[in-house]
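What follows is the residue order along each chain.
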Amino acid sequence: MTDFNGRTILVTGGSGGIGGATVRHLVKANAKVIASGRSQSALDAIAKETGCRTLAFDLASEQEIRGALEGLDLWGVVNCGGFGGEIATPMDTDIAIFDKVISINARGALIVTKYATQSMVRLGEGGAIVNVSSQAALVALDGHISYGSSKAALDNITRVSALELGKYNIRVNSVNPTVVMTPISSGHWSQPHVAEPFLKNMPLGRWATEDEIAAPIVFLLSDAASMITGVSLPIDGGYSCR
């Protein structure tokens, strides 16, 4: 039930950490994967490694997304592309950065969903969408006013999309990962005064790996999750259960 039998799945942010791991898992599960992102050279690298197709576009541009996706036959989507923004409080946040985070993480995912589902509905074969949200959408994290807000918006996009698309047998879910220690995230999360109290409050007490996020994404896309839609799945080592 986790064999995709040649179904075509778009993964935005497909050259990144979680996105790249998701591409690898999907290719192994016999999906036809299209990895998207802004950097063609980064996309070329994941394509050389996995054999996936590539499609470059900017999540901040509806025109680019529409041009890339109109007429493209898709069965599934993973909205993984995103922008981390800044570590700031509500008192000192840069509103221009806040706007950019919302534009890419929430608005961009919605636009991809808007145009991808046109072909999914037209094909009439159902489908599945997984939005890569965050633990920061479920609990308040210091410094995450913009990022957490964008992911909370993405969770609502998930729920409303699940409600609206269910009649077409298109399922929509999100995953809400904890920190995956990548070069981008390590600058903040590797600081002892940040890491130690955070991990102390997590029952499993460790960072997640990219594969530990990709595997549940693939499950939610697959027929093994055929009765699951509209959920936000924490992948956070138990942090949000406290």
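These notes cover the structure that comes with them. (Residues numbered from 1 in each chain as written. Predicted model: local features only at pLDDT ≥ 70, side-chain atom pairs only at ≥ 80, totals over all residues. Heavy atoms only, no water.)

Our next topic: the sheet that holds strand β7 (residues 232-235). With respect to topology, seven strands assemble into an open sheet ordered β3-β2-β1-β4-β5-β6-β7, the strand pairing being parallel. Either end of the sheet is taken by a strand with one partner, and the two such strands are β3 (53-56) and β7. Sheet twist, expressed as the average angle between the axes of neighbouring strands with direction ignored, equals 20°. The sheet contact formed by strand β2 (residues 32-37) and β3 spans four bridges and is parallel. From the neighbouring strand, Ile34 faces β3, where its bridge partner is Arg53. Against the sheet, helix α1 (residues 17-28) touches β1 (8-12), β2 and β4 (76-79), its axis set at about 165° to β1. Along the sheet, helix α2 (residues 40-50) makes contact with β2 and β3, crossing β3 at roughly 170°. (Pairing = 2+ DSSP bridges. Helix = DSSP H or I, 4+ residues; strand = E, 2+ residues; numbered from the N terminus. Axes fitted to C-alpha atoms, helices over the stretch in contact; angles between N-to-C directions. Contact = heavy atoms within 4.5 Å.)

All right, on to helix α5 (residues 145-165) then. Taking 1.5 Å per residue as the helical rise, α5 with its 21 residues ought to reach 30 Å, and the 30 Å between its terminal C-alpha atoms agrees with that figure. Looking at α5, one finds that the buried residues are Ser146, Gly148, Ser150, Lys151, Leu154, Asp155, Ile157, Thr158, Ser161, Ala162 and Leu165. Each element contacted by the buried residues of α5 is listed here: α4 (95-123), β5 (127-132), β6 (170-177) and β7. (Expected span 1.5 Å × (residues − 1). Buried < 20%, exposed > 50% of the residue type's maximum accessible area, 1.4 Å probe, protein only.)

For β6, a buried count of eight out of eight residues is recorded, marking the element as mostly surrounded by other parts of the structure. Of the two faces of β6, the one lined by Ile170, Val172, Ser174 and Asn176 and the one lined by Arg171, Asn173, Val175 and Pro177 are each fully buried. Judged from the six bridges that link them, β5 and β6 form a sheet pairing that is parallel. Bridging across to β6, Gly127 finds its partner in Ile170. Where the polypeptide runs from β5 across α5 and back to β6, its parallel neighbour, the crossover connection is right-handed. (Right-handed = clockwise from strand over helix to strand, strands pointing away.)

Our next topic: the pattern of salt bridges. Per the counting criterion, the structure on display carries five salt bridges. In this structure, Arg206 and Glu212 form a salt bridge, with 2.8 Å as the shortest nitrogen-oxygen distance. (Salt bridge = Lys/Arg side-chain N within 4 Å of Asp/Glu carboxyl O.)

Within helix α3 (residues 62-69), the full set of buried residues consists of Ile65, Ala68 and Leu69. The arc that holds every buried residue of α3, seen down its axis, measures 85°, which confines them to one face. Turned more than 90 degrees off the buried face of α3, the exposed positions are Gln63 and Gly67. Residues of α3 that are buried in the fold lie against β1, β3 and α4. Positive phi shows up at Gly71, right after α3, with a value of about 85°. (Arc of directions from axis to C-beta.)

On inspection of all chains with the given rule, the structure shows five aromatic pairs. Consider the rings of Phe198 and Trp207, whose centres lie 5.7 Å apart with planes at 15°: the pair is stacked. When sorted by exposure, Phe198 lands in the same class as Trp207, which is buried. Three or more aromatic residues link up through ring pairs in this structure, and these residues are Trp189, Phe198, Trp207 and Tyr239. Taking NZ or CZ as reference, Lys100 lies 4.5 Å from the ring centre of Phe83, over its face. (Phe/Tyr/Trp six-rings, centres within 6.5 Å; stacked < 30°, edge-to-face > 60°. Lys NZ or Arg CZ within 6 Å of the ring centre and 35° of its normal.)

For Ser119, the location among the structural elements is in helix α4. Take Ser119: its relative accessible area is 2%, and that puts it in the buried class. Polar contacts involving the side chain of Ser119 include one to the main-chain carbonyl oxygen of Ala116, which spans 3.1 Å. With residues near it in sequence (within four places) discarded, Ser119 still touches Leu72, Asp73 and Leu74. (Polar contact = N/O pair within 3.5 Å; in protein donor to acceptor, adjacent residues only side chain to side chain.)

Let us now look at the environment of Ile104. With respect to the helices, strands and loops of the structure, Ile104 is situated in helix α4. Classification of Ile104 as buried rests on a relative accessible area of 12%. Along the backbone, Ile104 and Met181 are 77 residues apart, and their C-alpha atoms lie at a distance of 21 Å. Residues contacting Ile104, with those up to four places away along its chain left out, are Leu59, Ala60, Gly82, Phe83 and Ala109.

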